[in-house]
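Listed below are the residues making up each chain.
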Amino acid sequence: MKKILQDLTLEELTALTLERGEKPFRARQLFEGLMQGRAISELPVSATLREALLREYEDAPVKILETYVSRDGTKKFLFLLADGNIVEGVLMSYKYGNTQCVSTQVGCRMGCKFCASTLNGRIRDLTAGEILGQILAVNRAEGGTLKERKITNVVLMGSGEPFDNYDNVVRFLRLVTAYGGIHISARSISLSTCGLVPEMRRFALENIPLNLTVSLHAVTDEERRRTMPIANRYKIADILDACAFYFEKTGRRYIFEYSLIAGENCDEKHALSLAALLKGRPCHVNLIRLNEVKERELRTTTEKEAYRFLGILERQGISATLRRSMGSDIGGACGQLRARYLEEN
Ligand code: SAH
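From a predicted model like this one, the values you see are computed outputs, not experimental measurements.

**Quick word on the packing of helix α4 (residues 128-141) against helix α5 (residues 166-177)**
Between α4 and α5, the shortest axis-to-axis distance is 8 Å and the interhelical angle comes to 45°. Taken together, the axes of α4 and α5 lie oblique to each other. When the axes of α4 and α5 are compared, the crossing they make is right-handed. Counted together, Ala-128, Ile-131, Leu-132 and Ile-135 of α4 and Asn-168, Val-169, Arg-171, Phe-172, Leu-175 and Val-176 of α5 form the full contact between these two elements. For the contact of α4 with α5, the residue count by class is eight nonpolar, one polar and one charged.

Written out as structure tokens, the structure reads:
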């Protein structure tokens, strides 16, 4: 694979074009063209520069391979990377705008028992430009421009563990929030982690005040170890401390993801323990009924049980919502789309 031009910041592009004897304004032209989702071969630059770039860099590092549209308007995408790998993403439409879910790795090595992304382990990390490229490709396909973006919010909840690919993810965050680019503010971005404590603490010092989201899915370390191998490495107490540190440094409240799994984590006692654990913390809980993955044994709860769980949290004074599942008719939530595509092709 060649290098990826979309990995570069405007400053780095400027250095690169000046080195090649181009005028400084060329760099901004290049950057804007790339941020509009154009391939190098479509950029409005001199033929010499274009050819020089194409020798070293991938022409179009992220291409939309397939688009699936749900009755509720949700779209799912399969993206083709330059080395033939495939990742998936989702675009959800809400009253206030469009949220795109992006992948940060091909596969994942965290091994969560309910998740389809981790079935074949981690294949490789995505570069910053490949993470960004998913957004640029979708914005363009949806008819968006840099001035009139079709993507208003971003969640790092596709395949991969963002903090297992720390440097590329932080670079991506600097690129996606940069002036002159697609310029999505950190406040409109959510990063979800299974709870890599050292990286959570390190990230608190990066000065990127986004919505830090932690996948909890259990109330005790012992129960958490049953579904999330990472719980053998980090304790819930240390995760909560790292969240408090994030709040201290950024002033941003944090969010816990809690997927309801039948017979595992959604009895009344779990709801009460969860409330006790989180009481008084500046946080919010996102409940979601497990998306059943056919290769996995775990089953989801009924809707009624999910609302009961939510009710208990609310009565205990915990801010919580039950996320509705979107796009279920086009299948493939949580890494299942790629798995199915690879199986069929
Ligand atoms: N690696 C990150 C991002 C993962 S995906 C993390 O662990 O947070 C985003 C969320 O979907 C996580 O909370 C993850 O635990 C959850 N998830 C994965 N598979 C799921 C499934 N089958 N049903 C419901 N939630 C799932």
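Next comes the rest of the description.
**Re the sheet that holds strand β3 (residues 86-94)**
What the ten strands build is an open sheet, ordered β1-β2-β3-β4-β7-β8-β9-β10-β11-β12; its pairing is mixed. Looking at the sheet topology across the chains shown, the edges are occupied by β1 (62-69) and β12 (320-322). Taken pair by pair, the neighbouring strands of this sheet meet at an average axis angle of 20°, ignoring direction. For strand β11 (residues 283-289) and β12, the ladder comprises three bridges, and the chain directions are parallel. Pairing of Asn-286 across the sheet is with Thr-321, part of β12.

**What about the packing of helix α1 (residues 10-19) against helix α2 (residues 25-35)?**
Where α1 meets α2, the closest approach of the two axes is 8 Å, and the angle between their N-to-C directions is 130°. Here α1 lies oblique to α2, going by the angle between them. Pair α1 / α2 crosses with right-handed handedness. In contact with Leu-10, Leu-13, Thr-14 and Thr-17 of α1, α2 contributes Ala-27, Arg-28, Leu-30, Phe-31 and Leu-34.

**Examining the domain arrangement of the protein chain**
Its domain assignment divides the protein chain into domain 1 (5-56) and domain 2 (62-344). Relative placement of domain 1 and domain 2: their C-alpha centres are 33 Å apart. Listed per partner, the contact involves 15 residues of domain 1 and 14 residues of domain 2. Of the roughly 1100 Å² buried between domain 1 and domain 2 on both sides combined, carbon and sulfur atoms contribute 57%. It is α2 that contributes the most residues to the side of domain 1 that touches domain 2, five residues altogether.

Conventions and cut-offs
- Residues numbered from 1 in each chain as written.
- Predicted model: local features only at pLDDT ≥ 70, side-chain atom pairs only at ≥ 80, totals over all residues.
- Heavy atoms only, no water.
- Axes fitted to C-alpha atoms, helices over the stretch in contact; angles between N-to-C directions.
- Helix = DSSP H or I, 4+ residues; strand = E, 2+ residues; numbered from the N terminus.
- Parallel < 35°, antiparallel > 145°, perpendicular 65-115°, else oblique.
- Left-handed = near helix turned anticlockwise from the far one by under 90°.
- Contact = heavy atoms within 4.5 Å.
- Nonpolar A, V, L, I, M, F, W, Y, C, P; charged D, E, K, R; others polar.
- Pairing = 2+ DSSP bridges.
- Domains from an automatic or database assignment.
- Buried area = accessible area lost by both parts, 1.4 Å probe.

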